[in-house]
Amino acid sequence: MGEAFTLAVSAVLLAGFYSAMAYGLGLIYGVLRIVNLAHGGIIMAAAYLAWQLFDRFAIDPFLAIPIALVVFFAVGVAIYLGLVRFIPRGPAGGVQSLLLLFGVWLVIRNAAYLLFSGNEQVIHTTYATSSVSLLGGSFSVTRVAVFVVALVTLLALHLLLSRTFLGRSIRAVAQNPESATLVGIDVHRVYVISFGLGTALAGLAGVLASTLFAFTPSFGASELLKSFVIIVLGGLGSVVGIALGALVLAAAEVFAVYVVPPYLTAAVGFVLLVVVLVLRPGGLFGQRVLR
């Protein structure tokens, strides 16, 4: 029971990172109905930004989060205004958006290879090897801090979407952009802000990832796939569902060590994805739109 309880706490902590990783992808899909394949590239770029800030200016990665949010919000706005806004809305633009944003990811990855080479980078903070006693177990300080940041992000997103005019505008556009236009909402502005905010959240995930893992310019592919698994599990477009989907995926991966070899645990999430798509295409918690 002691080992199972420790694994359960580990799953909850891992779910914090997974949810932070998927918020941006889920938000952009929920509003624009676009699967942002550049999501993995943004995560990787944010990890390198955190590393550069730490290496050159001794800025702790967690203190670099506001910088990353501002930088990647601007990047997201630039990508939308320069590229995404020209894609047709609806099914006609689905394939075009996939190809376009995959191309953006390739550009980001190859730019990182040119700037930083392919060597692994690691951020060595003073607390990287520290641990904290939590509920009778010993857990990494970094993982606990990442969980706290993810929880704060969830609460901030919930308040933004439910308590502000901008949030209500985003939800209205997500549900019916044509009707939102009729009541005076600037749909184009909502699209710009939503894409920028989703990209900023991907940047947040990249900074958090840099505190947990070594990374190269190829970093981000697995994170993109897991993010997609999470938003499908939780119901496409649901912020709370994303957190629940992240918990399901994290628990499945952590407890899979009881039944499969460790090197196969990464495949557990994709098996779960196939099962959910067959049995509940709307996600485990139903199809909801930004609530």
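Before reading further, recall that the structure is shown in the block above.
The following paragraphs examine the structure supplied in this document. All values derive from a computational prediction rather than experimental measurement.

As for the overall build of the protein chain
Scanning the protein chain from N- to C-terminus turns up 11 helices and 2 strands. Reading the protein chain from its N end, one meets helices and strands in the order α-α-α-α-β-β-α-α-α-α-α-α-α. Taking 19 Å as the expected radius of gyration for a compact globule of 291 residues, we find that the protein chain reaches 19 Å, a close match to that expectation. With the C-alpha coordinates of the protein chain rotated into their principal frame, the extents come out at 55 × 45 × 35 Å. Sorting the 291 residues of the protein chain into buried and exposed places 48% on the buried side. When contacts within the protein chain are restricted to residue pairs at least 6 apart in sequence, long-range pairs at least 24 apart make up 77% of them. Considering the protein chain, the positive charge centre built from 14 side chains and the negative charge centre built from 8 side chains are found 13 Å apart.

Side note on the packing of aromatic side chains
With the rule as written, the count across this model stands at 10 aromatic pairs. Between Phe17 and Tyr18, the ring centres sit 6.1 Å apart and the planes meet at 45°, which makes this aromatic pair tilted. Accessibility assignment for this pair places Phe17 and Tyr18 in one class, buried. Relative to Trp105, the ring of Phe102 has its centre 6.0 Å away and its plane inclined at 90°; by these criteria the two rings are edge-to-face. Here the residue Phe102 and the residue Trp105 both occupy positions in helix α4 (residues 94-116), the gap between them amounting to 3 residues, near one helical turn. Accessibility expressed as a relative area gives 36% for Phe102, which makes it partly exposed. A residue is classified by how much of its surface remains accessible, and Trp105, at 11% relative accessible area, is buried. Among the aromatic residues, those joined into a ring-pair cluster are Tyr48, Trp51, Phe116, Phe215 and Phe219.

Digging into the nonpolar core
With 81 residues, the main nonpolar core has Tyr18, Val31, Val84 and Leu208 as its most contacted residues. With residues near it in sequence (within four places) discarded, Leu208 still touches Phe17, Ala20, Phe62, Ile65, Val146 and Val149.

Focus: the packing of helix α9 (residues 221-234) against helix α10 (residues 239-255)
Orientation of α9 relative to α10, taken along the N-to-C sense of each, is 115°, at an axis distance of 7 Å. For the pair α9 and α10, the crossing hand works out as right-handed. Taken together, the residues of α10 that come into contact with α9 (itself represented by Lys226, Val229, Ile230, Ile231, Leu233 and Gly234) are Gly241, Ile242, Gly245, Ala246, Val248, Leu249 and Glu253. Its residues assigned to classes, the contact of α9 with α10 shows 8 nonpolar, 3 polar and 2 charged.

Brief notes about the environment of Ala68
Among the secondary structure elements, Ala68 is positioned in helix α3 (residues 65-82). Note: C-alpha distance between Ala68 and Gly203 (135 residues apart in sequence) is 5.9 Å. Apart from residues lying up to four places away in sequence, Ala68 is in contact with Leu49, Phe73, Gly203 and Val207.

Section: unusual backbone geometry
Of note in the backbone geometry, Arg33 takes a positive phi value of approximately 55° without being a glycine. Mapped onto the elements of the fold, Arg33 is located in the loop between α1 (2-32) and α2 (39-57). The partly exposed category is assigned to Arg33, whose relative accessible area is 41%. The phi angle at Ser117 is positive, at roughly 65°, despite the residue not being glycine. Relative to the helices and strands, Ser117 resides in the loop between α4 and β1 (131-134). Relative accessible area serves as the criterion here: at 29%, Ser117 is assigned to the partly exposed category.

Points about the layout of surface pockets
If you add up the space inside the largest pocket, you get close to 260 Å³. Together, 14 residues line the largest pocket, and Leu14, Tyr18, Arg143, Phe213 and Lys226 are the ones closest to its centre. Listing elements by their share of the lining of the largest pocket, those giving two or more residues are α1, β2 (137-140) and α9. It is α1 that provides the largest number of residues to the lining of the largest pocket, a total of 6 residues. Grouping the constituent residues of the lining of the largest pocket by class yields 8 nonpolar, 3 polar and 3 charged.

Side note on α10
The terminal C-alpha atoms of α10 lie 25 Å apart, and with 17 residues this matches the ideal 24 Å at 1.5 Å per residue to within 8%. All of the buried residues in α10 are Val239, Gly241, Ile242, Ala243, Gly245, Ala246, Leu249, Ala250, Glu253 and Val254.

A closer look at the packing of helix α5 (residues 141-163) against helix α8 (residues 187-212)
At a closest axis distance of 10 Å, the pairing of α5 and α8 adopts a crossing angle of 170°. The pairing of α5 with α8 is recorded here as roughly antiparallel in orientation. From α5, Thr142, Arg143, Val146, Val149, Thr153, Leu157 and Leu160 reach across to α8, where they touch Leu197, Leu201, Leu204, Leu208, Thr211 and Leu212. Each residue belonging to the contact of α5 with α8 can be placed in one class, and the counts come to 9 nonpolar, 3 polar and 1 charged.

Scoring rules and cut-offs
- Residues numbered from 1 in each chain as written.
- Predicted model: local features only at pLDDT ≥ 70, side-chain atom pairs only at ≥ 80, totals over all residues.
- Heavy atoms only, no water.
- Helix = DSSP H or I, 4+ residues; strand = E, 2+ residues; numbered from the N terminus.
- Rg over C-alpha atoms; globule rule 2.2 N^0.38 Å.
- Buried < 20%, exposed > 50% of the residue type's maximum accessible area, 1.4 Å probe, protein only.
- Contact = heavy atoms within 4.5 Å.
- Lys, Arg positive; Asp, Glu negative; His and termini not counted.
- Charge placed at Lys NZ, Arg CZ, Asp CG, Glu CD.
- Phe/Tyr/Trp six-rings, centres within 6.5 Å; stacked < 30°, edge-to-face > 60°.
- Core = buried A, V, L, I, M, F, W, Y, C linked by side-chain atoms within 4.5 Å.
- Axes fitted to C-alpha atoms, helices over the stretch in contact; angles between N-to-C directions.
- Left-handed = near helix turned anticlockwise from the far one by under 90°.
- Nonpolar A, V, L, I, M, F, W, Y, C, P; charged D, E, K, R; others polar.
- 1 Å grid on protein atoms, 1.4 Å probe; cavity = no way out; pocket = protein on both sides within 12 Å on 5 of 7 lines; lining within 4 Å.
- Points joined across faces, edges and corners; volume = space filled by probe spheres on them.
- Expected span 1.5 Å × (residues − 1).
- Parallel < 35°, antiparallel > 145°, perpendicular 65-115°, else oblique.

Don't take any of this as a statement about function, it's just geometry.
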